[in-house]
Amino acid sequence: MRLSSLLFLVCFFTVAMSQCAAAAKARHFRWEVSNMFWSPDCEEKVVIGINGQFPGPTIRAKAGDTIVVHLKNGLHTEGVVIHWHGIRQIGTPWADGTASISQCAINPEETFTYRFVVDKPGTYFYHGHYGMQRAAGLYGSLIVDVADGDEEPFKYDGEINLLLSDWYHESIYTQMVGLSSNPFRWIGEPQSLLINGRGQFNCSLAAAHTPGAKQCAAAGNRHCAPVILPVLPNKTYRLRVASTTSLASLNLAVGNHKLTVVEADGNYVEPFAVDDIDIYSGDSYSVLLTTDQDTSANYWVSVGVRGRQPRTAPALAVLNYRPNRASRLPAAAPPATPAWDDFARSKAFTYRILGRAGVTPPPPATSDRRIELLNTQNRMGGGHVKWSINNVSMVLPATPYLGSLKMGLRSALPSAARPSDTFGRGYDVMRRRRTRTPRWATTCTCSRTTRRWTWCSRTRTRWRGTSARCTRGTLHGHDFWVLGYGDGAFRGDAGDAAALNLRNPPLRNTAVIFPYGWTAIRFVADNPGVWAFHCHIEPHLHMGMGVIFAEAVDRVSELPKAAVSCGATATALMAGAGGHV
């Protein structure tokens, strides 16, 4: 991108922010995170909730507003942080909510204040980013409307919020011990899928259409009561859909209704109509639905598993055409979830997601730095299984990276060695597919995964997958352009690079890597901070599938002491290094 273009954008956004500054406001929330008994799928277990709610409270704000969350940790035996997924945290990298990366974990009975600006409208969510707390229920919706005086580039009459998740009856502590054990114990498939925190285990709302299924009780626990979505006929509704799943890739469909995709990850896309949408962990979408069907009927909203052989029943909700009774179940069968391994269908959907003309800025035509990342499931010495990127399995340090780098505490960084920007050309992705064994028999577990960027450098990253399942890559602190996808090994500038989309690629904050394939993204390093780039599948991240990007840390402003009051940074503060924070 030319300097003149960058200056224009800076001036444009400066004027725009000044115009809406008067209308923007600070929105304050006081939350306490705690364990509690809950029955998300009618089976009681301990979940992590906020203010006695599961899922946590929905935050609603307007673009330009400041969110202030005073978060108290009511968990008695472990720390907690909350990541605000999709919020770029421009100027507030310590509020990103990543333990050991952007901040110290909040200790039991302590309170930490998150303060950040939601700079653009869109559909977002928040979730725990300590251990596997997201899989224990620590998540909720974050919706950002357009600023006063602005308009969306599409029209609708009403809005429906759908927060999707998967649910395990086994505790996250049992799951984590199994993942770290030798022999390795995989977490298996979830027991149920949830819509807005509700599902049904071992029964079906549509038992009449499911051979051998037991009908769910009409009267039941309010925690798992069927989700009813009331609508009026002949109206257009915006469905905001986000996935916080721990493992499952999902597909969403509404019986007899078309869905028009208009937003992905907080960015507008060229509208296109489909019968259903695939939604991976970390994704968020807005789709438009018009209630133009038979007004005497209600309709199923169905969410099923994609990308893995489904052993979990679909989740169902009821689209209730008023004035029909909400208790009147649809007479037709729910929409059938596409075959779990129909990746051609998944790719066809994903490839249709393009940046909206006149709204989405084009990517830089060239990159200053190229990085190739290969994720593999490796076996360490002693037999433990780890996920790694470029043969390094990430282990987070005791002192947060942001504090260590900002304060110059080199001794707190596990290694000064710079990690490799590539994995070499000797790794045969397709051989891994044929033999189901990794080429690398061993890997190292370490924290030396920090890659450093100078201000405003442009980076192209290729993430390759060696798994038979889809992988999700998410980059904190940025949106990035998804330039293209492919199968097997990336063939370089003479091959696959010629097919990269530099004209209208979508801006996303998460991207799918299809089985034994690659995904190419490009982003501008214009947000000083330390940012996680990792798989959004919870057990994969726990097993080490992530890297850390350090970006112009010298430009980060003064760090709040509460964010760095642990490890070596706490010692430095006590020794009088506060002026360097």
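The structure this text deals with has already been given above.
Bear in mind that the values here come from a model prediction, so they are computed numbers and not experimental data.

Parameters and conventions
Residues numbered from 1 in each chain as written. Predicted model: local features only at pLDDT ≥ 70, side-chain atom pairs only at ≥ 80, totals over all residues. Heavy atoms only, no water. Helix = DSSP H or I, 4+ residues; strand = E, 2+ residues; numbered from the N terminus. Buried < 20%, exposed > 50% of the residue type's maximum accessible area, 1.4 Å probe, protein only. Polar contact = N/O pair within 3.5 Å; in protein donor to acceptor, adjacent residues only side chain to side chain. Contact = heavy atoms within 4.5 Å. Core = buried A, V, L, I, M, F, W, Y, C linked by side-chain atoms within 4.5 Å. Pairing = 2+ DSSP bridges. Axes fitted to C-alpha atoms, helices over the stretch in contact; angles between N-to-C directions. Disulfide = S-S within 2.5 Å. Arc of directions from axis to C-beta. Phe/Tyr/Trp six-rings, centres within 6.5 Å; stacked < 30°, edge-to-face > 60°. Lys, Arg positive; Asp, Glu negative; His and termini not counted. Salt bridge = Lys/Arg side-chain N within 4 Å of Asp/Glu carboxyl O.

> Describe the side chain of Arg134, with residues and values.
Within the secondary structure, Arg134 is located in the loop between β7 (122–128) and β8 (139–145). Judged by its relative accessible area of 2%, Arg134 is buried. Separated by 2.7 Å, the side chain of Arg134 and the backbone oxygen of His536 make a polar contact. Ignoring any residue separated from it by four or fewer positions in sequence, one finds Arg134 in contact with His127, Gly128, Tyr139, Thr244, Thr245, Ser246, Ser281, His536, Ile537 and Glu538.

> Requested: an account of unusual backbone geometry, with residues and values cited.
With the exception of glycine, the majority of residues adopt a negative phi angle, and the majority of peptide bonds are in the trans configuration. The omega torsion of the bond from Asn182 to Pro183 falls at 10 degrees, within 30 degrees of zero and hence cis. The topology assignment puts Pro183 in the loop between α2 (172–179) and β10 (192–195). In this structure, Pro323 follows Arg322 across a cis peptide bond, with omega equal to 10 degrees. As for its position among the elements, Pro323 is in the loop between β19 (315–321) and α3 (343–351). Phi at Asn51 is positive, roughly 55 degrees, even though this residue is not glycine. Although it is not a glycine, Asp265 adopts a positive phi angle of roughly 55 degrees. Tracing the backbone through its elements, the reader meets Asp265 in the loop between β14 (259–264) and β15 (267–274). For Asp265, a relative accessible area of 0% puts it in the buried group.

> Residues and numbers for the nonpolar core, please.
Counting 80 residues, the largest nonpolar core has Trp31, Val69, Leu71, Trp84, Tyr114 and Val530 as its most contacted members. Beyond its immediate chain neighbours, meaning those up to four positions away, Val530 contacts Ile101, Tyr401, Leu402, Leu405, Ile548, Phe549, Ala550 and Val553. Core analysis: the second largest hydrophobic core is formed by 36 residues, Leu193, Val287, Leu289 and Phe349 among them.

> So what's going on with the environment of Arg115? Which residues, and what values?
Take Arg115: it is sitting in strand β6 (residues 111–117). Sequence-wise, Arg115 and Thr66 are 49 residues apart; in three dimensions their C-alpha atoms are separated by 6.8 Å.

> Run through the sheet that holds strand β1 (residues 26–38), naming residues and quoting values.
Strand order in the open sheet made by the four strands is β2-β1-β4-β6, with mixed pairing throughout. Looking at strand neighbours, the two that pair on one side only are β2 (45–50) and β6, the edges of this open sheet. Here the strands of the sheet are splayed against their neighbours by 20 degrees on average, with no regard to which way each runs. In terms of strand pairing, strand β4 (residues 66–73) meets β6 through seven bridges, oriented antiparallel. Residue Ile67 lies in a different strand from β6, and its bridge partner there is Phe116.

> Break down the pairing of strand β11 (residues 227–231) for me, citing the residues and quoting the values.
Only one face of β11 is buried: it carries Val227, Leu229 and Val231, and the other face, with Ile228 and Pro230, is open. Examined bridge by bridge, β11 and β19 share five bridges and lie parallel to one another. Within β19, the residue paired with Val227 across the bridge is Ala317.

> Mind laying out the state of the cysteines, listing which residues take part and the relevant values?
Overall, the coordinates contain three disulfides when judged by the stated rule. The residue that forms a disulfide with Cys42 is Cys224, at a sulfur-sulfur distance of 2.0 Å. Across the S-S bond linking Cys42 and Cys224, the dihedral sits near 100 degrees, which makes this disulfide right-handed. Remark: Cys224 occurs in the loop between β10 and β11 and Cys42 occurs in the loop between β1 and β2; sequence separation between them is 182 residues. The disulfide bridge from Cys104 ends at Cys566, spanning 2.1 Å between sulfur atoms. Classification of the bridge connecting Cys104 and Cys566 rests on its S-S torsion, roughly -90 degrees, and on that basis the disulfide is left-handed. Residue Cys104 is found in the loop between β5 (82–85) and β6, and its partner Cys566 is found in the loop between β32 (546–551) and α7 (567–574); the two are separated by 462 residues along the sequence.

> Kindly report on α3, identifying the contributing residues and their values.
By the burial criterion, the buried members of α3 are Phe343, Ser346, Lys347, Phe349 and Thr350. With its buried residues spanning 160 degrees around the axis, α3 presents them on a single face.

> Explain the packing of aromatic side chains residue by residue, including any values.
In this structure the tally under the stated criterion is 20 aromatic pairs. Centroid distance Trp84 to Tyr126: 5.6 Å. Interplanar angle 50 degrees. Geometry classified as tilted. Of this pair, Trp84 sits in strand β5 while Tyr126 is found in strand β7, placing the two residues 42 residues apart along the sequence. One exposure class covers both Trp84 and Tyr126, and it is buried. Through pairs of rings, three or more aromatic residues link up here, namely Phe29, Trp31, Trp84, Phe112, Tyr114, Phe116 and Tyr126.

> I'd like a rundown of the side chain of Glu78, residues and numbers included.
Along the polypeptide, Glu78 turns up in the loop between β4 and β5. Despite its burial, Glu78 remains without a salt bridge, the nearest opposite charge being carried by Lys45 at 12 Å. There is a polar contact of 2.3 Å between the side chain of Glu78 and the side chain of Tyr173. Look past the residues within four positions of Glu78 in its chain and what remains in contact with it is Asn73, Ile106, Pro108, Tyr130, Gln133 and Tyr173.

> Tell me about the pattern of salt bridges, and name the residues and values.
Side chains bearing opposite charge may pair, as long as their charged atoms lie close to each other. Evaluated as defined, the whole model comprises 20 salt bridges. Linking Glu159 and Arg60 is a salt bridge whose minimum nitrogen-to-oxygen distance equals 2.5 Å. Separated by 99 residues along the polypeptide, Glu159 in strand β9 (residues 158–167) and Arg60 in strand β3 (residues 59–62) bring together distant segments of the chain. A salt bridge links Glu109 to Lys72, with the shortest nitrogen-to-oxygen separation between them at 3.6 Å. Placement of Glu109 in the loop between β5 and β6 and of Lys72 in strand β4 is noted, with a sequence separation of 37 residues between them. In this structure Glu109 comes out as partly exposed when scored by relative accessible area, which is 47%. A residue is classified by how much of its surface remains accessible, and Lys72, at 28% relative accessible area, is partly exposed. Within the structure, one salt-bridge network assembled from shared partners comprises Arg60, Asp145, Glu159 and Arg240.

Shape descriptors only; they carry no functional weight alone.
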